[in-house]
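What the coordinates show
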Amino acid sequence: MKDIGFIKGWTLVVCSFVVVFAFSTVDHAISPLVEWLRVFFGVTAEKVLWLISSCTAGIVAGLFVGPQLIKSIRVNRAVWLSLIMMSGGVWAFVATPSFVLSLTVRFIFGLGAGIFSTVLWWLAYESIDRRFYTPMITVLTAARPMAVAAGVPLVMYGGQYVSWRWSFAALGVLTALFCLAFMWAAPKDEADKVSFTPKALLQRYQGAWHTPRLKTFFTAMFINRLCYFGFYSMLGLWFIGHYHLDTLEIARPLMAIGICETLINFVVPFLLKIGPKKLFYMSIVGNAAAFAVFAWGILPLWWTIAFIGLFAMTDRVYNMLLLLFIPQVFADSKDRTTIGSLVTLVSWGALMAVSWLEGALLHQVGLNWTAGFLLVALVAGTVLYVRVLKESVFVSSR
């Protein structure tokens, strides 16, 4: 039994990684593939960014209903629902040349991804064997940047030599297979279930809303994430506009940036020896400074990529620290699944908002004014973070 528990624990970690890697690749490939998608759908390059916001709207909806959904149905049924929507959404997306219909199926895909993300927070905070807690947290933070480093470039090269549509379809197959393996290994969900009603859903968030410091913390997160997600949303157009790269030429910078962002997740435990407070301050200052240096596209290309890598790494450092700080920030909370789900919900809510705004306004205001707005958001969000942490995590270190 002990060996089975060990095998199932690592199976959950691996399957969680692969599914997050797959749906993150599908989501983050939109911006670098902007030129190919513009031609395929027959729309302007800026409007292609709405494929990001429609998917993100689905993720936000899935994350919103997710905590109540898994209180109403068995977790394996929630994973089945996610599998159908994610894999089905990918296959429907590559099968239709209609931009309007593609926005709808991207929403469905995002809805499944949001529900699956909630299952992962349930697993990490409430259900997984404590031996696998740290690996799960690592998966939740490292899988997305690894998708940028490896998944997105693979889709781009696949698009050049086979078809981006076949590459996306293969990711749908990968998602389905590893969701099935996840269900085999998942802990048995024996909790008493309640009816899923709008009232119960709202009560869940109303309860969380009264948690001390929650409003300030998640306001800070929303504002702060506008910068990171806003840059990634316009990344393809940014490289095209400032450095005149074509789609395949964008793949190499993405690999370099993604590798930086991935490796830092495994270095953070060693960096913690510096001290969480000092490390947090160092990372937020370095993050803002790096963005201010490269955002205007005036450096030579490889210097720019180096500073984007630094920006990505420092972002991972302080956001991983924030995940570790959550139990202290919300020490009075009895519903960690909802708190964890809110982390992803608010972050992707920022992506939904900023990608929609960029799709609507980027061609009018231009890349530099957009970068200025993102920098202001980054600084304002970190200031609010510091305010919250001084009231909770950093109190004892004064």
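Residue numbers restart at each chain and count upward from 1, following the sequence in its written direction. Side-chain atom pairs in this predicted model are given and counted only at pLDDT of 80 or more, local residue features only at pLDDT of at least 70, and totals for whole chains, interfaces and linings cover all residues. Where side-chain values are given, they derive from all heavy atoms of the structure, hydrogens and water being excluded.

1. With respect to helix 7 (residues 133-161)
For the record, the criterion: Segments assigned H or I by DSSP are reported as helices when at least four residues long, segments assigned E as strands when at least two residues long, and all are numbered from the N terminus. The span one expects for a helix is its residue count, reduced by one, times 1.5 Å. The reported bend at a residue is simply the angle between two axes, fitted to the 7 residues ending at it and to the 7 residues beginning with it.
In a regular helix each residue adds 1.5 Å, so 29 residues correspond to 42 Å; helix 7 covers 40 Å between its end C-alpha atoms and thus fits that length. At A147, helix 7 shows its strongest bend, of approximately 45°.

2. Concerning the packing of helix 7 against helix 14 (residues 301-329)
Formally: Interaxial angles span 0 to 180 degrees and are taken between N-to-C directions of axes, which are lines fitted to C-alpha atoms, for helices over the stretch in contact. Angle categories are assigned with fixed cut-offs, so that under 35 degrees is roughly parallel, over 145 is roughly antiparallel, 65 to 115 is roughly perpendicular, and the rest are oblique. Crossings are classed by handedness, with left-handed meaning an anticlockwise turn of the near helix from the far one by less than a right angle and right-handed meaning a clockwise turn. Contacts: residue pairs with any heavy atoms within 4.5 Å of one another. Each residue receives one of three labels: charged for Asp, Glu, Lys and Arg, nonpolar for Ala, Val, Leu, Ile, Met, Phe, Trp, Tyr, Cys and Pro, and polar for the others, Gly being one of them.
With their axes 11 Å apart at the nearest point, helix 7 and helix 14 run at an angle of 155° to one another. Judged by the inter-axis angle, helix 7 sits roughly antiparallel to helix 14. As helix 7 runs across helix 14, the sense of the crossing is right-handed. Contacts between helix 7 and helix 14 involve T138, T141 and P145 from the former and R316, M320 and L323 from the latter. Considered class by class, the residues forming the contact of helix 7 with helix 14 number three nonpolar, two polar and one charged.

3. Side note on the pattern of salt bridges
Convention followed: In what follows, salt bridge is the name for a side-chain nitrogen of Lys or Arg lying within 4 Å of a carboxyl oxygen of Asp or Glu.
In the structure shown here, the tally under the stated rule is five salt bridges. Through salt bridges with shared partners, a single ionic network connects R225, E261, D315 and R316.

4. Considerations on unusual backbone geometry
Formally: To sort residues, take the accessible area from a 1.4 Å probe on protein chains only and compare it with the maximum for the residue type: under 20% means buried, over 50% means exposed, and anything in between is partly exposed.
Even without a glycine there, the phi angle at R213 is positive, about 75°. By secondary structure assignment, the location of R213 is in the loop between helix 9 (198-209) and helix 10 (214-233). Assessed through its relative accessible area of 27%, R213 is described here as partly exposed. Unusually for a residue other than glycine, H244 sits at a positive phi of about 60°.

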